[in-house]
Each structure stands twice: as C-alpha cells, then as structure tokens.
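Observations on chain architecture
If you want the building blocks of each chain, they are given just below.
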Amino acid sequence: MRTLILSDIHGNWHALEACLRQARGDYDLLVCLGDLVGYGAFPNEVVDWCRRSGALCIRGNHDMAAVGLVPLESFHDLARLGTLWTIQQLTRDHAQFLRDLPPGPQHLESFVVVHGSPRDEGEYLLDAIDAEAAFDATMHRLTFFGHTHLQGGFASLAKTAAGILPVSPHQQERVFPLNGGSQYLINPGSVGQPRDEDPRAAFAIYDAEFRTVIFRRAEYDLAAAQAAILDAGLPPFFASRLARGI
Ligand code: ZN
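Let me begin by describing the structure that accompanies this report. Predicted, not measured: the structure shown is a model, and the values here were computed from it.

**Describing unusual backbone geometry**
Between Gly104 and Pro105 the backbone carries a cis peptide bond, its omega angle lying at -5 degrees. In this structure, Pro105 sits in the loop between α5 (92-100) and β4 (106-107). Within the chain, His149 stands out as a residue other than glycine whose phi angle is a positive 65 degrees. Within the fold, His149 resides in the loop between β6 (142-144) and β7 (152-156). In this structure His149 comes out as buried when scored by relative accessible area, which is 2%.

So this is what it looks like as structure tokens:
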C-alpha cells in the first residue's frame, strides 16, 4: 500500500495539480494533513478537489480560521488579510466541508496523521526539543505532520544514544528507509507554500510494504499562481514568497 501524503496546499491550485500529475500511478491512498486554504487564490478549487478525491483529510489552523473555529487575532496581519479574503470567497458548501474536517491525530492502518503535532494540532515542530516532547506524547512509530512547511522531520532511533536526529531530504527525490523499532515524525513539506528555500511543491509517498518514505518535489507554474494572487488583490508578499520558497 502506497500513500500519497499532501499537506499545506493553501489554495495553490497550480502546485497541487503539478504534484498530482507527478505522483499519478504511484499511490493507492491519499491523505491530506490540513491547511487546504489560506494564502493562495484558489480556495474553492482546492476544497472542491479534496471533496471529490476521496482523500482522508484532517483540518489545519487555516481551515479552522476560515470558518471561525479559531480567532483571526491569532494570525499575523498578512495572514489575517488572506483569511478574510478566503472567508469572502468560500462557497457555503465548501465552508461547511472545512467546518466538518476532523482534527488530528487520526489513526490509519500503519501510521498516524496530525496537522501540527501529536499533542496539539496548532503546535510547530521546528527543532529537536519540540520533537522530543512530541515523541514523548505518542506511542506510535510513524506520525506524519505538517504546519511548518518544512520537508523532512525527526527520528528517534531505537537502541542508540543518538537521541533525536533530523530527517533531511536532499534536493532531489530521496528514498528514506524507516528502521523497525525507531519512531518517526515525518513532514511531507508544503504543496502550496514551501518554506525550505526550495520553491518547488513538496510532497511525500509512504510505502508501507517496503517501509520507505519518498520525499518528492514538483516544478509548477509559479508565475500563474503568483499572477492569480495579485489579480485577487491578496497581499503581494504571498506571491513573492513563493518564488523564494520562504
Ligand atoms: Zn500551513
């Protein structure tokens, strides 16, 4: 069983399409770790795709903010502007779909999915200290998380004194083997707004049979995504940051 893991699409239709095109035929199941909307110019298109795709999708903090489940005051100024725009755009049906998304953690056959961390869907797992607390909060061997928009994650290796090690994908496609007995927190990266200084859309495929995570990147029509953001009257920084992967 191979699972396509997508996270943080953020209304970037062009990036989503490129990931799906590149991954076509390489997966049996589709999972989405939240933040379908926010920042990008295509919230309805992305939600509509998610509803039709049959993906198991959990909610992210931007999905919650777009339907009033978290206060806008928790966002910085630009993100708040983006969310207000998204609220105006979302159809009633799509808003209801976001409102009904389940929170993480959700347990699948061989792994768990969360948006932020196993203990708090809004927590950022940015370093080994964050990861250690997250590993302490879960018994599960393999958890996929998003929210930081950074492809990679953390490993807590069994039978070594190494402690928490970062999982760092290379620039090219990288097959990462999972050791039995060790614990992993794996981030597929962000489809729609990567922040690891690589502007290509990020995703991952988990192969349960071979116990590997394949980190992948997809080039997409960045100029079209940027033009749509500017045409929509969204903050220009949402467009410029895409080209820099920040
Ligand atoms: Zn996000």
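**Considerations on empty space enclosed by the protein**
For the coordinates displayed, the defined rule picks out 1 cavity of 30 Å³ or more. By volume, the largest cavity amounts to about 60 Å³. Listed by contribution, the elements that provide at least two residues to the lining of the largest cavity are α7 (222-231) and α8 (236-244). When its residues are assigned to classes, the lining of the largest cavity shows 7 nonpolar, 6 polar and no charged.

**Focus on the coordination of the zinc ion**
Distances from the zinc ion to its protein donors, Asp8 (OD), His10 (NE2), Asp35 (OD) and His149 (NE2), fall within 2.1 to 2.3 Å. Read in sequence order, the donor residues for the zinc ion give the motif D-x1-H-x24-D-x113-H. On the criterion of sequence distance, the pair formed by Asp8 in the loop between β1 (2-6) and α1 (13-23) and Asp35 in the loop between β2 (29-32) and α2 (43-53) is long-range, its members being 27 residues apart. Take Asp8 and Asp35: they sit in the same class, and that class is buried.

**A short note on the packing of aromatic side chains**
One pass over the full model with this rule turns up 6 aromatic pairs. Centre to centre, the rings of Phe111 and Phe144 are 5.2 Å apart; their planes meet at 85 degrees, and the pair counts as edge-to-face. With Phe111 in the loop between β4 and β5 (112-113) and Phe144 in strand β6, the pair connects residues that are 33 residues apart, well separated along the chain. By the burial criterion, Phe111 is buried, and Phe144 matches it. Their ring planes at 85 degrees and their centres at 5.6 Å tell us that Phe111 and Tyr206 sit as a pair that is edge-to-face. One end of the pair, Phe111, is in the loop between β4 and β5; the other, Tyr206, is in strand β11 (residues 201-207), and 95 residues separate them in sequence.

Definitions and cut-offs
- Residues numbered from 1 in each chain as written.
- Predicted model: local features only at pLDDT ≥ 70, side-chain atom pairs only at ≥ 80, totals over all residues.
- Heavy atoms only, no water.
- Helix = DSSP H or I, 4+ residues; strand = E, 2+ residues; numbered from the N terminus.
- Buried < 20%, exposed > 50% of the residue type's maximum accessible area, 1.4 Å probe, protein only.
- 1 Å grid on protein atoms, 1.4 Å probe; cavity = no way out; pocket = protein on both sides within 12 Å on 5 of 7 lines; lining within 4 Å.
- Points joined across faces, edges and corners; volume = space filled by probe spheres on them.
- Nonpolar A, V, L, I, M, F, W, Y, C, P; charged D, E, K, R; others polar.
- Donors = N, O, S within 2.8 Å, 3.2 Å for Na, K, Ca; no water.
- Phe/Tyr/Trp six-rings, centres within 6.5 Å; stacked < 30°, edge-to-face > 60°.

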